[in-house]
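Structural overview
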Amino acid sequence: MDRQLDCDLIDLMYILDEPSIGLHPRDTDRLVGILRKLRDKGNSVLIVEHDPDIIKAAEYAIDIGPEAGSRGGEIVYAGPAEGLPASDGLTGKHLRQRSGLSGDRKPWTDFLEIQGATLHNLKNVSVKIPKGVLTCVTGVAGSGKSSLILEVFMNQQEGPIIIDQSPIGKNIRSNPATYLGIFDLIRKEFAKGAHSDPSLFSFNAKGACPKCKGIGSISYEMHFMDDVKVLCEDCQGKRFTEEVLALTYKGKSIHDVLTTLIQDLGGFFEDPAIARKLGVLCDVGLGYLELGQPLSTLSGGEAQRVKLASELQKKGNIYIMDEPTTGLHMADIERLLAIVRRLVDGGNTVVIIEHNLDIIKHADWIIDLGPEGGSQGGEILFEGTPEELIHCQRSYTGRYLGLLDDSCKEEEQSD
């Protein structure tokens, strides 16, 4: 981005897809400054973004919805950015209802301890991780957050549940049902209802369309160009043979079930394990997906939530999440917070590495590292509640958390 500022070309269009991912609010501020300089040179800047501070810095906003998936795809609002909070869409609602610090913190007495950590840029760090509460580990990029939690702390614990940024592996045959491990259970229910072999209902086995081998489309190699995919003429994209599609369970074929929205399948299956896992997908805001939607078609944020749903169904008492808000809309962050609070209320310890102020402000405890990144980081700047953090003068996180709190209070008074 800095290189573009040295460019003398004008009348260019810059398109950025969620450039705030992984950025601390301090760095988001710097990003906004760079984007404005690009604009001032006579260029157009188009940003796909969820971050409320970047949205507010825009001059024109286009909001798409009203929901996601098949229930989206419409223009909810298009106009000056300052008018977006008053619009009827989810983005407007959450911008309008954004709150400051609540002061509602869960107390703790017991803790896990890290002593004398010196990995990478950590400078002999000793810190307490409270048990049974939500702890946010904050700080600018490169301050030592991941080293402290994902390498030092994680390796000291037995069986923690890790939800990180590693990709989920978007195989063309993979879908939410296969990723969560419930497709085998669904095939067994179909086999029982249709009095047939479970393997018939797999698009990897004998029930698959022989022409497209259960993919639903056929790829033609174009050598120097991308492969061209066309709908399979034999199965019309349904992936199974006609004999298999004729077998039904509660009036639905396997294709019907795989093309049904997840949120519409509640109570359809008899196996409680299927219902529980489908419920978790709805909890993370993915009820609008089709059960058999290929993972290769999901956005980055959707893929992360599928992974989140997969990990949340596991049982453990320590959950470590590495920037779980990546790619999430404010409405989805609200759902994530509800899930995290449910885990904490169940007696679990939840540790989140995060830059997002809308998560940080809800933490019971905060550990802030810094003051900068790299060799100038690796120190514990603060341990305590969000209300206390805003008074830590060395902390960039505290400074921006205080600005958010002040801004929300001013908006409440003006209303």
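Residues numbered from 1 in each chain as written. Predicted model: local features only at pLDDT ≥ 70, side-chain atom pairs only at ≥ 80, totals over all residues. Heavy atoms only, no water.

Topic: the overall build of the protein chain
In terms of regular secondary structure, the protein chain is built from 15 helices and 14 strands. Against the globule reference of 22 Å for 415 residues, the protein chain gives a C-alpha radius of gyration of 24 Å, in line with a compact fold. Burial analysis of the protein chain (415 residues in total) assigns 50% to the buried set. Residue pairs at least 24 apart in sequence account for 64% of intrachain contacts in the protein chain once pairs closer than 6 positions are excluded. A total of about 20,300 Å² of accessible surface is found on the protein chain, and carbon and sulfur atoms cover 50% of it. Across the protein chain, the centroid of the 44 positively charged side chains sits 5 Å from that of the 62 negatively charged ones. (Helix = DSSP H or I, 4+ residues; strand = E, 2+ residues; numbered from the N terminus. Rg over C-alpha atoms; globule rule 2.2 N^0.38 Å. Buried < 20%, exposed > 50% of the residue type's maximum accessible area, 1.4 Å probe, protein only. Contact = heavy atoms within 4.5 Å. Areas by Shrake-Rupley, 256 points an atom, 1.4 Å probe, with all protein chains shown as cover. Lys, Arg positive; Asp, Glu negative; His and termini not counted. Charge placed at Lys NZ, Arg CZ, Asp CG, Glu CD.)

A look at the nonpolar core
For soluble globular proteins, nonpolar side chains are generally found buried alongside one another. Grouped together as the largest cluster of nonpolar side chains are 66 residues, with contacts concentrated most on Ile-186, Ile-254, Phe-269, Leu-278, Leu-291, Leu-312 and Val-350. With 7 residues, helix α12 (residues 330–345) is the largest single contributor of residues to this core. Leaving out residues up to four positions away in the same chain, Leu-278 has contacts with Ile-182, Ile-262, Leu-265, Phe-269 and Leu-291. (Core = buried A, V, L, I, M, F, W, Y, C linked by side-chain atoms within 4.5 Å.)

Re the sheet that holds strand β8 (residues 161–163)
Strand pairing in a sheet is mediated by backbone hydrogen bonds. Such pairs are either parallel or antiparallel. The strand order β8-β11-β12-β7-β13-β14 describes an open sheet built from 6 strands, whose pairing is mixed. On the outer flanks of this sheet lie β8 and β14 (379–384), each paired with one strand and no other. Taking each pair of neighbouring strands and ignoring which way they run, the sheet shows an average axis angle of 15°. Sheet topology note: the strand β11 (residues 318–322)/strand β12 (residues 349–353) ladder contains 5 bridges and is parallel. Counterpart to Asp-322 in the pairing with β12 is Ile-353. Those strands touched by helix α5 (residues 145–156) are β7 (134–138), β8, β11, β12, β13 (365–370) and β14, and its axis lies near 150° from that of β11. (Pairing = 2+ DSSP bridges. Axes fitted to C-alpha atoms, helices over the stretch in contact; angles between N-to-C directions.)

Quick word on the packing of aromatic side chains
A complete count under the given rule lists 9 aromatic pairs for this structure. Taking 5.6 Å as the distance between ring centres and 85° as the angle between the ring planes, the aromatic pair formed by Tyr-249 and Phe-268 counts as edge-to-face. One end of the pair, Tyr-249, is in the loop between α8 (242–245) and α9 (254–258); the other, Phe-268, is in the loop between α9 and α10 (272–283), and 19 residues separate them in sequence. Taken individually, Tyr-249 and Phe-268 each receive the classification buried, so the pair is uniform in this respect. Among the aromatic side chains, those forming a connected cluster through ring pairs are Phe-190, Phe-201, Tyr-249, Phe-268 and Phe-269. Arg-26 extends its terminal NZ or CZ atom over the ring of Tyr-396, reaching a point 4.5 Å from the ring centre. The ring centre of Phe-111 lies 4.6 Å from the NZ or CZ of Lys-128, which sits over that ring. (Phe/Tyr/Trp six-rings, centres within 6.5 Å; stacked < 30°, edge-to-face > 60°. Lys NZ or Arg CZ within 6 Å of the ring centre and 35° of its normal.)

Considerations on the pairing of strand β9 (residues 217–222)
Inspection of the sheet shows β9 paired to strand β10 (residues 225–231) by 5 bridges, in the antiparallel sense. Each bridged residue has a counterpart across the sheet, and for Ile-218 the counterpart in β10 is Val-230. What sits between β9 and β10 in their antiparallel hairpin is a turn of 2 residues, with His-223 showing a positive phi close to 60°.

Concerning α12
The end-to-end C-alpha separation of α12 is 22 Å, in line with the 22 Å expected for 16 residues at 1.5 Å each. In the stretch just after α12, Gly-347 is the one whose phi turns positive, near 90°. (Expected span 1.5 Å × (residues − 1).)

Some points on unusual backbone geometry
Here the residue pair Gly-65 and Pro-66 is connected by a cis peptide bond, since its omega of 5° sits within 30 degrees of zero. Inspection of the secondary structure puts Pro-66 in the loop between β3 (60–65) and β4 (74–80). The amide bond that connects Gly-370 to the next residue, Pro-371, takes the cis arrangement and shows omega of 5°. Mapped onto the secondary structure, Pro-371 falls in the loop between β13 and β14. Despite not being glycine, His-120 has its phi angle at roughly 55°, a positive value. Secondary-structure assignment places His-120 in the loop between β5 (111–117) and β6 (125–130).

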